[in-house]
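Fold and contact review
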Amino acid sequence: MKISVPDLAAYMAMHMNKGKYPGGIIISPESEKIMQTEVPFSDHYGLALMTRRDVIPGKVLKGHTGSAYGLYSMMMFQPEEQFGIVAVTNGCNVDEVDGLNPFLQQVAWSLYRNLLE
């Protein structure tokens, strides 16, 4: 999916609000629950969302990562605590570790620690 950072943040907000977004319901709460259901890590993503326990210590996050043509992105959110992080970078040529870009993992941890904790 090609998407701007503000639109990715809006997409994340819709997920955090059980399919609702200002102006209406985008997907049903039932569909949202299915999308956020955890699947085995070997399957990576359920219905476009993964569950991670290694982005921010002590937090279970839902979200999605992406990479293409030198761009790396991460959209992760904690639905019960209602916080989320969207990070996008380029020029960061690092190998993923267990399906996660370690640079973006550090960015997410830094944002959480400095802005949300």
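Higher on the page you've got the structure.
This structure is a prediction, so every number in the text was calculated from the model and none was measured. (Residues numbered from 1 in each chain as written. Predicted model: local features only at pLDDT ≥ 70, side-chain atom pairs only at ≥ 80, totals over all residues. Heavy atoms only, no water.)

1. Here we look at the overall build of the protein chain
Scanning the protein chain from N- to C-terminus turns up three helices and six strands. Once the C-alpha set of the protein chain is aligned to its principal axes, its extents read approximately 40 × 30 × 30 Å. A buried classification covers 34% of the 117 residues belonging to the protein chain. In the protein chain, once contacts between residues fewer than 6 apart in sequence are set aside, the share between residues at least 24 apart is 35%. (Helix = DSSP H or I, 4+ residues; strand = E, 2+ residues; numbered from the N terminus. Buried < 20%, exposed > 50% of the residue type's maximum accessible area, 1.4 Å probe, protein only. Contact = heavy atoms within 4.5 Å.)

2. So, the packing of aromatic side chains
Across all of its chains, the model carries two aromatic pairs by this definition. The interplanar angle of 40° and the centroid separation of 5.1 Å between the aromatic rings of Phe-83 and Tyr-112 together place this pair among those described as tilted. Taken together, the positions of Phe-83 in strand S6 (residues 83–90) and Tyr-112 in helix H3 (residues 102–116) put the pair 29 residues apart, joining distant regions of the chain. On the accessibility criterion, Phe-83 (8% relative accessible area) is buried. Considering the side-chain rings of Trp-109 and Tyr-112, the 6.1 Å spacing of their centres and the 20° angle between planes classify their relative orientation as stacked. Of this pair, Trp-109 and Tyr-112 both sit in helix H3, three residues apart, which is roughly one turn of the helix. Overall, Tyr-112 belongs to the buried group, its relative accessible area being 8%. Within the aromatic cluster, the residues linked to one another by ring pairs are Phe-83, Trp-109 and Tyr-112. (Phe/Tyr/Trp six-rings, centres within 6.5 Å; stacked < 30°, edge-to-face > 60°.)

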